[in-house]
Amino acid sequence: MADLLKGKIAIVTGAGSGMGRQISELFVKEGAKVMLADINPDGLKQTAAEIDAKGDATSTVITNVAKEADIVNMVKQTIDTYSKVDILVNNAGIVDNIKTVENMTDDVWDRVLAINLTGPFKAAREVIKYMLQQKDGGNIINMASVGGLFGSRGGVAYTATKHGIIGLTKNIAATYGIYHHIRSNAIAPGNIATNIQKTINDPDELGMKAMSAIGGMTAPGGKPEQIAQVALFLASDQSKFVNGAVITADGGWTAM
Ligand SMILES: NC(=O)c1ccc[n+]([C@@H]2O[C@H](COP(=O)([O-])OP(=O)(O)OC[C@H]3O[C@@H](n4cnc5c(N)ncnc54)[C@H](O)[C@@H]3O)[C@@H](O)[C@H]2O)c1
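On a predicted model such as this, the values are computed, not experimentally measured, just so you know.

**Remarks on the site of the ligand**
Here's step 1: Taken together, 29 residues lie around the ligand, and S17, D38, N91, Y158 and T194 are the ones closest in.
Here's step 2: With respect to the ligand, the side chain of S17 contributes an N or O atom lying 2.6 Å from an oxygen atom.
Here's step 3: One of the side-chain N or O atoms of N64 is found 2.9 Å from a nitrogen atom in the ligand.
Here's step 4: Burial of the ligand by the surrounding chains reaches 92%, relative to a free accessible area of 820 Å².
Here's step 5: Counting residues per element, the ones that place at least two in the shell around the ligand are α1 (18–29), α5 (156–180) and β7 (191–192).
Here's step 6: Class assignment of the residues belonging to the shell around the ligand gives a composition of 12 nonpolar, 15 polar and two charged.

**A word on the pattern of salt bridges**
Here's step 1: A full pass over the atoms with the stated rule returns nine salt bridges.
Here's step 2: For D86, the salt bridge identified is with K84, shortest N-O distance 3.0 Å.
Here's step 3: Judged by relative accessible area, K84 falls into the partly exposed class, the value being 28%.
Here's step 4: Among the salt bridges present, the one from D202 reaches K99, with a minimum N-O distance of 3.8 Å.

**Digging into the nonpolar core**
Here's step 1: Core analysis: the biggest nonpolar cluster contains 30 residues, and I23, F27, V34, I87 and I187 have the highest contact counts within it.
Here's step 2: Among the elements of the structure, β1 (9–13), α1, β2 (33–38), α2 (41–51), β4 (87–90), β5 (138–143) and α7 (224–235) are those that each provide at least two residues to this core.
Here's step 3: Here this core takes seven residues from α7, the largest share from any one element.
Here's step 4: Sequence-distant contacts of V34, that is, excluding residues within four places in its chain, are made with A10, V12, S24, F27, V28, A57, T58, S59 and Y82.
Here's step 5: M35, V65, A92 and I166 belong to the second largest nonpolar core, which has 28 residues in total.

**Re the packing of α1 against α2**
Here's step 1: Put simply, α1 and α2 touch, their axes get as near as 10 Å, and they point 30 degrees apart. By the angle between their directions, the pair α1 and α2 is classed as roughly parallel. Once α1 is placed against α2, the crossing between them reads as right-handed. Two secondary-structure elements touch here, α1 through R21, S24, E25 and V28 and α2 through G43, Q46, T47, E50 and I51.
Here's step 2: Among the residues forming the contact of α1 with α2, the class breakdown is two nonpolar, four polar and three charged.

**Notes on the packing of aromatic side chains**
Here's step 1: For the structure on display, the rule yields zero aromatic pairs.
Here's step 2: A cation over an aromatic ring shows up here: R153 above the ring of F150, its NZ or CZ 4.4 Å from the ring centre.

**Section: the sheet that holds strand β3 (residues 58–62)**
Here's step 1: The seven strands lie next to each other as β3-β2-β1-β4-β5-β6-β9, forming an open sheet whose pairing is parallel. Each edge of the open sheet carries a strand with a single partner, namely β3 and β9 (246–249). Sheet twist, expressed as the average angle between the axes of neighbouring strands with direction ignored, equals 15 degrees.
Here's step 2: Those strands touched by helix α4 (residues 106–131) are β1, β4, β5 and β6 (182–189), and its axis lies near 180 degrees from that of β4.
Here's step 3: Strands β5, β6 and β9 of the sheet are contacted by α5, whose axis makes an angle of about 155 degrees with β6.

Quick notes on the rules
- Residues numbered from 1 in each chain as written.
- Predicted model: local features only at pLDDT ≥ 70, side-chain atom pairs only at ≥ 80, totals over all residues.
- Heavy atoms only, no water.
- Near = heavy atom within 4 Å.
- Polar contact = N/O pair within 3.5 Å; in protein donor to acceptor, adjacent residues only side chain to side chain.
- Areas by Shrake-Rupley, 256 points an atom, 1.4 Å probe, with all protein chains shown as cover.
- Helix = DSSP H or I, 4+ residues; strand = E, 2+ residues; numbered from the N terminus.
- Nonpolar A, V, L, I, M, F, W, Y, C, P; charged D, E, K, R; others polar.
- Salt bridge = Lys/Arg side-chain N within 4 Å of Asp/Glu carboxyl O.
- Buried < 20%, exposed > 50% of the residue type's maximum accessible area, 1.4 Å probe, protein only.
- Core = buried A, V, L, I, M, F, W, Y, C linked by side-chain atoms within 4.5 Å.
- Contact = heavy atoms within 4.5 Å.
- Axes fitted to C-alpha atoms, helices over the stretch in contact; angles between N-to-C directions.
- Parallel < 35°, antiparallel > 145°, perpendicular 65-115°, else oblique.
- Left-handed = near helix turned anticlockwise from the far one by under 90°.
- Phe/Tyr/Trp six-rings, centres within 6.5 Å; stacked < 30°, edge-to-face > 60°.
- Lys NZ or Arg CZ within 6 Å of the ring centre and 35° of its normal.
- Pairing = 2+ DSSP bridges.

What follows is the structure, encoded as structure tokens:
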């Protein structure tokens, strides 16, 4: 075990699966205490059992990031348990079946925006209240996507939210970075093997065609552990001068 995050308190949303689980595991290995937040209680239990056998490095809170009351509760539980919050990883997210504008329903649009963009904004708003009072400020890491950099790495709702979360990231960095020591950075992963792929069903034909044109499903495949290493870099003091950045981790997909 190393000590890159010794004494740090982190919240990780979407901690019940995929990248959120791996990020939580690495943060614990590096000395952080982690509030594991997810809508799925079974996933949360599994993460806690896998990464914290002794039960002294993590806590869990069932959280739907689309519900403001859940976000407020998530942050309150963290403060009540650990007295501070140093790091927020806005990782929870869903996909939109690669739907084009003409086939996107209001229902899916609203749900994807609520989870992928409004939730991270509200979580940031909630932790920043505490971070502003902390001498060391704080650190926000937002999970974007290569879909936040290009137009054809997802459907319209997903793409819009991942572009949006990059704007959120940069606004927080620009507003709070210099005077309040709150850093905010984003990760833009490419194609990573997690459970999110299993939630894609009945994808839109035109959307898939657009994605195939740039390598689509044959893009280089990565592992959630590799994204966790990027999150660790951003969470630790090793990246102290990095603020408002978007780190692409896609095996070179967007270089093609
Ligand atoms: N896997 C990829 O290829 C890829 C690529 C780029 C970006 N991303 C992003 O990475 C993030 C993590 O995704 P993943 O690939 O690990 O997926 P995953 O499906 O394995 O994990 C996502 C987790 O988020 C949780 N979640 C979903 N809705 C929630 C809600 N309303 N409130 C709280 N938790 C909720 C799920 O229960 C799940 O545990 C997402 O933001 C996703 O958009 C994934």
